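Structure at a glance
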Amino acid sequence: MRNTYQAPVLDEIEADPTTGELELEERHSLRRVAGLSTELTDITEVEYRQLRLERVVLVGVWTEGTIADAENSLTELAALAETAGSQVLEGLIQRRGRPDAATFIGRGKVDELRDVVVATGADTVICDGELSPSQLRNLEQQTKVKVVDRTALILDIFAQHAKSKEGKAQVELAQLQYLLPRLRGWGETLSRQAGGSGRGGGAGGGVGTRGPGETKLETDRRRINIRIARLRREIKAMRTVRQTKRSRRQASGVPAVAIAGYTNAGKSSLLNRLTQAGVLVENALFATLDPTTRRTAAEDGRVFTLSDTVGFVRHLPHQIVEAFRSTLEEVAEADLVVHVVDGAHPDPEGQVSAVREVLGEVGADRIPELLVINKVDAADEESLLRLKRTWPDAVFVSARSGAGIPELHAAIAQRLPRPAVNLRVLLPYDRGDLVARIHRSGQVLNTRYTDEGTELQVRVDERLAADLEPFRDGEWAG
């Protein structure tokens, strides 16, 4: 089956101060220039792989599900390729029980793929799956062009979009973990001459033919392992800093709400709409990677934090999940997960399943979830009715137009954890600090002003209740 893909026309971003337009302008000014260089570059015996995607052909293997599922997966791969800066020329899908162990798509399909590459003038083939080192090597040998798998493509996009020190370290760690088993030696006889013994140059090849020690492949592998160990130490230290900040927020009694969802579902747009955060918004996959946390208040005055998180995707590489674990733990430690779904997507149910799978991997599946269907202004009525039947408790909004945002505010406030201790206190007028703390982390049920001070009926946590104890029932010390 052959599908031809055309790059979608992206909607122009409106001039909105909350879309991170300065970051957007900077990113667009550094777009890749197509057509400069497409060849593979070899440095001595080890291939140096750098993704420079220009004209690509997509290849997928349909092993289960419906043909619509397979086409949706390839369409998503096309969007990933375009986000990375490439032009998608054509897509091929093969029906198989499982991917071919040698070439991913089978010998007959490889010949057809080679014909398509020649006919279209493509310089890169992208496979919709993670290839083994042997599959990657065999496909490149037979198609005579660069071959990239889904995992490498996603890692390349992450490398382009990471901005913070932690984000860059996490992406580099994921890339090195992916690269390590795929290092390839070229012509080992050059370094292990005439069957030389390798390390130490012992007997075996005769005078003048003993190996020089480590091969270049072994040297690179050792250096990568050293770099991986260093990155893990750095990320662990950053994780400690993140945990310290999280502990301070928890100690202050401020509830935490995490925004999670599929990539390009509109999480950053929703955060901007709710808090005026000014986070970068772009109609592209994985536009924002670095988490953003902002404080906001519910209708009853209770303060809580909203955190945007990295987007998810089907078959999110395990290297990414592992490297970004410290970031994803923001979701696992939240009091509420706002799960944003693209209501205009052809398969929102599949998106929800993919997100919940990743949330389960980081232990966030036990957190209360509020499902939010975004982009209702771009979805058709029939799809919205179907989604309302599927998820009757979901909130339907449009971050772009603002439709449904008040209902979302109310739904979040209703699901925030409520303090456990009920008190009636009389606070002197000079204790405005305690009144502010109550409004910030507690809930005021009733207020009455008297000659002696402000009488409040409140619901607070145990820590604040202990500080309010001297003022309970209208009595206070001194």
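Located above this text is the structure these notes cover.
Computed from a predicted structure; not experimentally measured.

**Let's talk about the pairing of strand S7 (residues 146-149)**
Residues Lys-146 and Val-148 of S7 are buried on one face, and the alternating residues Val-147 and Asp-149, pointing to the opposite face, are buried as well. Looking at chain direction, strand S6 (residues 124-127) and S7 are connected through four bridges and run parallel. Looking across to S7, one finds that Val-125 is bridged to Val-147. Since S6 and S7 lie parallel, the crossover through helix H4 (residues 133-143) that links them has a hand, and here it is right-handed.

**Digging into the nonpolar core**
In terms of nonpolar packing, the biggest core is built from 81 residues, with Leu-270, Phe-312, Leu-408 and Ile-412 touching the most fellow members. With near-sequence residues (within four places) excluded, Ile-412 lies in contact with Val-257, Leu-274, Phe-304, Leu-336, Val-338 and Leu-370. Val-57, Leu-89, Val-125 and Val-147 belong to the second-largest nonpolar core, a separate cluster that totals 19 residues.

**Remarks on the sheet that holds strand S12 (residues 369-374)**
In space, the six strands of this open sheet follow the order S9-S10-S8-S11-S12-S13, with mixed pairing throughout. Looking along the sheet, the strands with just one partner apiece sit at the ends: strand S9 (292-297) and strand S13 (395-396). With five bridges joining them, strand S8 (residues 256-261) and strand S11 (residues 336-342) adopt parallel strand pairing. Bridge pairing links Ile-259 to Val-338 in S11. With respect to the sheet, helix H11 (residues 348-361) is in contact with S8, S11 and S12, its orientation differing from that of S11 by roughly 150°.

**Quick word on the pattern of salt bridges**
Across all of its chains, the model carries 14 salt bridges by this definition. Glu-112 is the salt-bridge partner of Lys-109, the closest N and O atoms lying 3.3 Å from each other. Within this pair, Lys-109 and its partner Glu-112 are both found in helix H3 (residues 107-120), separated by three residues, close to a single helical turn. Beyond isolated ion pairs, a larger network of salt bridges with shared partners links Glu-76, Asp-128 and Arg-150.

**Focus: the sheet that holds strand S15 (residues 443-449)**
Sheet architecture is open: three strands sit in the order S14-S16-S15, paired in antiparallel fashion. With partners counted over all chains shown, the strands left at the sheet margins are strand S14 (421-427) and S15, one partner each. Each neighbouring strand pair of the sheet contributes to a mean axis angle of 15°, computed without reference to strand direction. One ladder, built from six bridges, connects S15 with strand S16 (residues 454-460); its direction is antiparallel. Across the sheet, residue Val-444 finds its bridge partner in S16, namely Val-458. The strands touched by helix H14 (residues 432-441) are S14, S15 and S16; relative to S16, the strand with the most contacts, the crossing angle is about 35°.

**Side note on H3**
With 14 residues, H3 should cover 20 Å at 1.5 Å per step; its first-to-last C-alpha distance of 20 Å lies within 8% of that length. Backbone geometry just downstream of H3 places Gly-121 in the positive-phi region, at approximately 75°.

**A few points about the pairing of S11**
Counted residue by residue, S11 has seven buried out of seven residues, so it is predominantly covered. Here S11 shows two buried faces, one formed by Leu-336, Val-338, Val-340 and Asp-342 and the other by Val-337, His-339 and Val-341. As defined by bridge partners, S11 adjoins S12 across six bridges and the pair is classed as parallel. Following the sheet pairing, Val-337 is matched in S12 by Glu-369. Of the crossover connections in this fold, the one passing from S11 over H11 to the parallel S12 is right-handed.

**Description of the environment of Pro-346**
Among the secondary structure elements, Pro-346 is positioned in the loop between S11 and H11. According to the relative accessible area criterion, Pro-346 is exposed, its value standing at 60%. A sequence separation of 277 residues divides Pro-346 from Asp-69, and the C-alpha atoms of the two residues are 9.7 Å apart.

**Examining the packing of helix H8 (residues 267-275) against helix H13 (residues 405-415)**
Where H8 contacts H13, the two axes come as close as 11 Å, and the packing angle between them is 85°. One element, H8, and the other, H13, form an angle in the roughly perpendicular class. Contact with H8, carried on its side by Leu-270, Arg-273 and Leu-274, involves Ile-405, Leu-408, His-409 and Ile-412 of H13 and no other residues of that element. A breakdown of the residues in the contact of H8 with H13 according to their chemical character gives five nonpolar, one polar and one charged.

**Considerations on unusual backbone geometry**
In this structure, Asn-264 takes a positive phi of about 70° despite not being glycine. Here Asn-264 lies in the loop between S8 and H8. Overall, the relative accessible area of 23% leaves Asn-264 in the partly exposed class.

**Let's talk about the packing of aromatic side chains**
The full count for this structure, using the stated rule, is zero aromatic pairs. One residue, Arg-95, lies across the ring of Trp-62, its end atom 4.3 Å from the ring centre. The ring centre of Phe-396 lies 5.4 Å from the NZ or CZ of Lys-388, which sits over that ring.

Cut-offs and rules
Residues numbered from 1 in each chain as written. Predicted model: local features only at pLDDT ≥ 70, side-chain atom pairs only at ≥ 80, totals over all residues. Heavy atoms only, no water. Buried < 20%, exposed > 50% of the residue type's maximum accessible area, 1.4 Å probe, protein only. Helix = DSSP H or I, 4+ residues; strand = E, 2+ residues; numbered from the N terminus. Pairing = 2+ DSSP bridges. Right-handed = clockwise from strand over helix to strand, strands pointing away. Core = buried A, V, L, I, M, F, W, Y, C linked by side-chain atoms within 4.5 Å. Contact = heavy atoms within 4.5 Å. Axes fitted to C-alpha atoms, helices over the stretch in contact; angles between N-to-C directions. Salt bridge = Lys/Arg side-chain N within 4 Å of Asp/Glu carboxyl O. Expected span 1.5 Å × (residues − 1). Parallel < 35°, antiparallel > 145°, perpendicular 65-115°, else oblique. Nonpolar A, V, L, I, M, F, W, Y, C, P; charged D, E, K, R; others polar. Phe/Tyr/Trp six-rings, centres within 6.5 Å; stacked < 30°, edge-to-face > 60°. Lys NZ or Arg CZ within 6 Å of the ring centre and 35° of its normal.

Function cannot be inferred from these measures alone, as they are strictly geometric.
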